[in-house]
Amino acid sequence: MINFDRFKDGKRKVITMSYDDAKYQDRKLVDIFNKYGIRGTFHVNGGLLGKLDRIEKSEVKSLYENHEVSAHGLTHQSLSVTPPVHFVTEIIEDKKILEDLVGYPIRGMSYPNGLYNDVVLKTLPSLGIEYARVMETHKTFVFPENYLAWHGTCRHNENLLSHAERFMNLEYKSGRQHLLYVWGHSYEFDNENNWHLIEDFCRMVSHADDVWYATHIEIVDYMNALQNLIFSTNLKMVQNNAATDVWICVDDVVVKIPAGQLVHL
């Protein structure tokens, strides 16, 4: 029996974090993440960097090193209430600025103010956007049916430690993958005077043997590679044409399928 129920290095679960707006409080949040080995994606408005309480352009690359920088609209314009020509400009110009700053393609985003519609959804792939986070949460540990309408598990102010405890205590069941996806804004920790909350969370979930700590695009690439494996009819061979290593279970044995290779099972 073959099951797609493993992540990088054969791990059973994955955790990712998602934070918007690139306010100066991201500096403290990134320090906490790095301290505990937690990784995530930071959605940045390229046109607002250096203004008011936003971080400077010059620190984007170094601050978010080992994490992912993603788009959030050039000026944080709600995409569903503006003409298509405008929302396309908001995304493209944001991507251009951010790509120049970080030195890699920007492939994802979160919707400014959480607003989108069918026109936005249909347009995003042509703009090079492969995932987009919405504001709604579903309190479960499942993967989205559509990565362009990616629901998180919870905001960090929605019983975060309770969700984390439940996630860490999940028992392994063959054929299932589990994702804990937390999102928010770093300035909320200042507003609510509860930086201890995110530190307690990171301490609780860090350095677990069965958890992969990943950015959003790493998860998307991994899941795409997993779903695009090519099997022989008798299931004794599998070809991985992706640039990403993947792991599967074959009769309850974890097997690595290296990128670009044919593996005999």
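Note that the structure is a prediction, hence the values are computed from the model and not measured.

What follows is about the overall build of the chain. Along the backbone of the chain there are eight helices and 15 strands. Taking 2.2 N^0.38 as the reference for a compact globule, 265 residues should give roughly 18 Å; the C-alpha atoms of the chain span a radius of gyration of 19 Å, in line with that estimate. Sequence-distant contacts in the chain: of pairs separated by 6 or more residues, those separated by 24 or more amount to 67%. In the form shown here, the chain has an accessible surface area of approximately 11,900 Å², with 50% of it arising from carbon and sulfur atoms. Here the chain contributes 27 positive and 35 negative side-chain charges, whose respective centroids are spaced 2 Å apart.

Let's shift gears to the sheet that holds strand E1 (residues 2-3). Strand order in the open sheet made by the three strands is E1-E13-E14, with antiparallel pairing throughout. Pairing within the sheet leaves two strands with one partner each, and these edge strands are E1 and strand E14 (253-257).

As paired elements, strand E13 (residues 246-250) and E14 share five bridges and run antiparallel to each other. Within E14, the position partnered with tryptophan 247 by the bridge is lysine 256.

Right, let's get into the nonpolar core. Counting residues in each nonpolar core, the largest one holds 53 residues, and the members touching the most others are Tyr64, Tyr111, Ile198 and Phe201. Of all the elements, helix H7 (residues 195-205) adds the most residues to this core, at six residues. Look past the residues within four positions of tyrosine 111 in its chain and what remains in contact with it is His72, Leu79, Tyr116, Val120, Leu121, Leu124, Ala132, Arg133, Val134 and Leu148. Counting 26 residues, the second-largest nonpolar core is a separate cluster that includes Leu179, Trp212, Leu229 and Ile257.

Once that is clear, we can look at the pattern of salt bridges. Within this structure, the stated rule accounts for 15 salt bridges. Note that lysine 13 is salt-bridged to aspartate 210, the shortest N-O span being 3.8 Å. Linking lysine 13 in strand E2 (residues 13-20) with aspartate 210 in the loop between H7 and strand E10 (211-213), this pair joins segments that are 197 residues apart in sequence. For lysine 13, a relative accessible area of 2% gives the class buried. Taken together, the shared-partner salt bridges in this structure form one network comprising Arg12, Lys13 and Asp210.

Here the focus is the packing of helix H5 (residues 160-168) against H7. Running from N to C, H5 and H7 cross one another at 5°; their axes reach a closest spacing of 10 Å. Taken together, H5 and H7 sit at an angle that is classed as roughly parallel. In this structure, H5 uses Leu160, Leu161, Ala164, Glu165 and Met168 to contact H7, whose residues at the interface are Leu197, Ile198, Asp200, Phe201, Met204 and Val205. Split into classes, the residues belonging to the contact of H5 with H7 amount to nine nonpolar, no polar and two charged.

All right, on to the environment of glutamine 261 then. You can see glutamine 261 is positioned in the loop between E14 and strand E15 (262-264). In this structure the C-alpha to C-alpha distance between glutamine 261 and histidine 138, which are 123 residues apart in sequence, comes to 37 Å. When residues no more than four places from it in sequence are discounted, the contact partners of glutamine 261 are Val238, Gln239 and Asn240.

Before going further, it helps to examine the packing of aromatic side chains. Per the stated rule, a full pass over the model turns up 16 aromatic pairs. One aromatic cluster is present, formed by Tyr19, Phe33, Phe42, Tyr64, Phe189 and Trp195 through successive ring pairs. One residue, lysine 13, lies across the ring of phenylalanine 167, its end atom 5.4 Å from the ring centre.

Following the criterion strictly, the structure yields zero disulfides and no others. The thiol sulfur of cysteine 202 is not disulfide-bonded, and the nearest other cysteine sulfur, from cysteine 154, lies at 12 Å. The class for cysteine 202 is buried, based on a relative accessible area of 0%.

Right, let's get into the side chain of threonine 153. Mapping threonine 153 onto the fold places it in the loop between strand E7 (150-152) and strand E8 (154-155). Within the structure, the side chain of threonine 153 is placed 3.2 Å from the backbone oxygen of threonine 140, a separation counted as a polar contact. Excluding anything up to four places from it in sequence, threonine 153 contacts Thr137, His138, Lys139, Thr140, Phe141, Leu179, Leu180 and Tyr181.

The next point concerns the environment of proline 258. Within the fold, proline 258 resides in the loop between E14 and E15. In sequence terms proline 258 and isoleucine 230 are 28 residues apart; their C-alpha atoms lie 13 Å from each other. Setting aside chain neighbours within four positions, we find proline 258 in contact with Asn240, Asp245 and Val263.

Cut-offs and rules
- Residues numbered from 1 in each chain as written.
- Predicted model: local features only at pLDDT ≥ 70, side-chain atom pairs only at ≥ 80, totals over all residues.
- Heavy atoms only, no water.
- Helix = DSSP H or I, 4+ residues; strand = E, 2+ residues; numbered from the N terminus.
- Rg over C-alpha atoms; globule rule 2.2 N^0.38 Å.
- Contact = heavy atoms within 4.5 Å.
- Areas by Shrake-Rupley, 256 points an atom, 1.4 Å probe, with all protein chains shown as cover.
- Lys, Arg positive; Asp, Glu negative; His and termini not counted.
- Charge placed at Lys NZ, Arg CZ, Asp CG, Glu CD.
- Pairing = 2+ DSSP bridges.
- Core = buried A, V, L, I, M, F, W, Y, C linked by side-chain atoms within 4.5 Å.
- Buried < 20%, exposed > 50% of the residue type's maximum accessible area, 1.4 Å probe, protein only.
- Salt bridge = Lys/Arg side-chain N within 4 Å of Asp/Glu carboxyl O.
- Axes fitted to C-alpha atoms, helices over the stretch in contact; angles between N-to-C directions.
- Parallel < 35°, antiparallel > 145°, perpendicular 65-115°, else oblique.
- Nonpolar A, V, L, I, M, F, W, Y, C, P; charged D, E, K, R; others polar.
- Phe/Tyr/Trp six-rings, centres within 6.5 Å; stacked < 30°, edge-to-face > 60°.
- Lys NZ or Arg CZ within 6 Å of the ring centre and 35° of its normal.
- Disulfide = S-S within 2.5 Å.
- Polar contact = N/O pair within 3.5 Å; in protein donor to acceptor, adjacent residues only side chain to side chain.

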